[in-house]
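Chain by chain, the residues:
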Amino acid sequence: MPKSHPETTVLIINRLKTRSTADVADTFNVSQRQVQRIKRFEETGDVFDKSRSGRPRKTTAREDRLLAQKSKSNPFSTAAELHETWSPEVLVSTRTVCRILSQNGLHGRISAQKPALNKRQLKNRLAFAKAHSLLKGWTLEKWQKVDFSDESSVELHHSRRKYCRRPIGARMDPRFIQKTVKFGCGKIMVWGYIQYGGVRQICRVEGNINSLKYQEVLAASYIPTYKRGQILQQGGSPSHTSISTSKFLKAKKIKMLQDWPAQSPDMNIIEHMWGRMKAEARKTKPKNIDEFWEACKTAFFAFPDDFINKLYESLPNRMNAVLQADGSHTRY
């Protein structure tokens, strides 16, 4: 039953002095039972709710602290697993375990997925962020000269786990089943780059990208639009750093962004383009791989130029975030 506002309660009490319960209930659009329960003014002198003792706790504060410590020592343990190893004096449900953990600031969340980083990679990320920070003169104007590139594998059928709400016993009902396909079905490899101001390009690559194929991609999709003074950023895969690719770029007089650290998608702003492109392309529900590729291209070129510019504007903050994290993961 909804509670009455204190001011409304005062009006009801005053009206009860001259009117019947039924008339007052009709006037204020509440039930007669609710009107009958308004007795606190006579008992306490005010119309605010009294504090209630509530249901007695089944566990002690010490038991709650022990449960919280178990969760902190292994944050990936589920409530059911903690319930099995936790031994309170009174038997409680798994739901109670969840509630106690939440009261201690330990809420169940989907963990963020980030690349594994070893000591050498942490060191390289930190060194790159220092060398390309605002203190070293890497302002937005300087970042605007960098062309960010990357390749990405895109699957037609998304295999991410989905949640649904269904009646009991309907687990195998086709309406509530997520259809899956064999691994690798409907997958394409794409390569692209972006520039400040909205210039961008994307191409489809058949098979895996080796050094020769990567050079062919650059020759067809990047070099024709390359302008003197621009800087190409690329990852550290073997096809990018091979001797033949290095000679090819040098012969074409392509200036490179040096010492790009491995395992650093949070620094490469084109990663945000891939994520949104895939989501928008799947919304069209393509029936085959060719329709999917066309949907990817349409989505990639449909992003506003301002969206790309804002990604560039975030770069100084990205470098600072890596510095603050001592080379570790950032929120980007």
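Just so you know, these numbers come straight off a predicted model, no measurement behind them.

### Quick notes on the pairing of strand 3 (residues 200-205)
- Of the strand pairs in this sheet, strand 2 (residues 187-194) and strand 3 are connected by six bridges, and their pairing is antiparallel. Looking at the pairing, Trp-191 lines up with Cys-203 of strand 3.
- Turn length for the strand 2-strand 3 hairpin, with the two strands adjacent in sequence and antiparallel, is five residues, and the turn residue Gly-197 shows positive phi of about 105°.

### Notes on the pattern of salt bridges
- Counting across every chain of the model gives nine salt bridges.
- A salt bridge links Arg-57 to Asp-64; the nearest nitrogen and oxygen atoms lie 2.2 Å apart.
- Its relative accessible area of 7% is what places Asp-64 among the buried residues.
- Between Lys-283 and Glu-280 there is a salt bridge; the shortest N-O distance is 3.2 Å. A residue pair is termed a helical-turn pair when its members lie 3 or 4 positions apart in one helix, as Lys-283 and Glu-280 do in helix 13 (residues 270-283) at three residues.

### Points about the packing of aromatic side chains
- On inspection of all chains with the given rule, the structure shows 12 aromatic pairs.
- When the ring of Phe-148 is compared with that of Tyr-312, the centres are 5.7 Å apart and the planes differ by 75°; the resulting orientation is edge-to-face. Of this pair, Phe-148 sits in strand 1 (residues 146-155) while Tyr-312 sits in helix 15 (residues 305-313); the two residues are 164 residues apart in sequence, bridging distant segments of the chain. Like Phe-148, the residue Tyr-312 is buried in the burial classification.
- Measuring from ring centre to ring centre gives 5.6 Å for Tyr-196 and Tyr-312, while their planes differ by 85°; the resulting arrangement is edge-to-face.

### A short note on the nonpolar core
- Counting residues in hydrophobic clusters, the biggest one holds 36 residues, and the most contacted among them are Trp-143, Phe-148, Val-190, Ile-194, Leu-257, Met-273 and Met-277.
- Going through the elements one at a time, helix 8 (119-131), strand 1, strand 2, helix 13, helix 14 (289-302), helix 15 and helix 16 (315-324) are the ones with two or more residues in this core.
- In terms of residue count, the dominant contributor to this core is helix 14 (six residues).
- Setting aside residues up to four positions removed in sequence, Leu-257 forms contacts with Phe-128, His-132, Trp-138, Trp-143, Val-146, Ile-231, Leu-232 and Gln-233.
- Residues Val-205, Val-217, Tyr-226 and Leu-249 belong to the second largest nonpolar core, which totals 15 residues.

What counts, and where the lines are drawn
Residues numbered from 1 in each chain as written. Predicted model: local features only at pLDDT ≥ 70, side-chain atom pairs only at ≥ 80, totals over all residues. Heavy atoms only, no water. Pairing = 2+ DSSP bridges. Helix = DSSP H or I, 4+ residues; strand = E, 2+ residues; numbered from the N terminus. Salt bridge = Lys/Arg side-chain N within 4 Å of Asp/Glu carboxyl O. Buried < 20%, exposed > 50% of the residue type's maximum accessible area, 1.4 Å probe, protein only. Phe/Tyr/Trp six-rings, centres within 6.5 Å; stacked < 30°, edge-to-face > 60°. Core = buried A, V, L, I, M, F, W, Y, C linked by side-chain atoms within 4.5 Å. Contact = heavy atoms within 4.5 Å.

Scope: geometric values only; no functional claims are made or implied.
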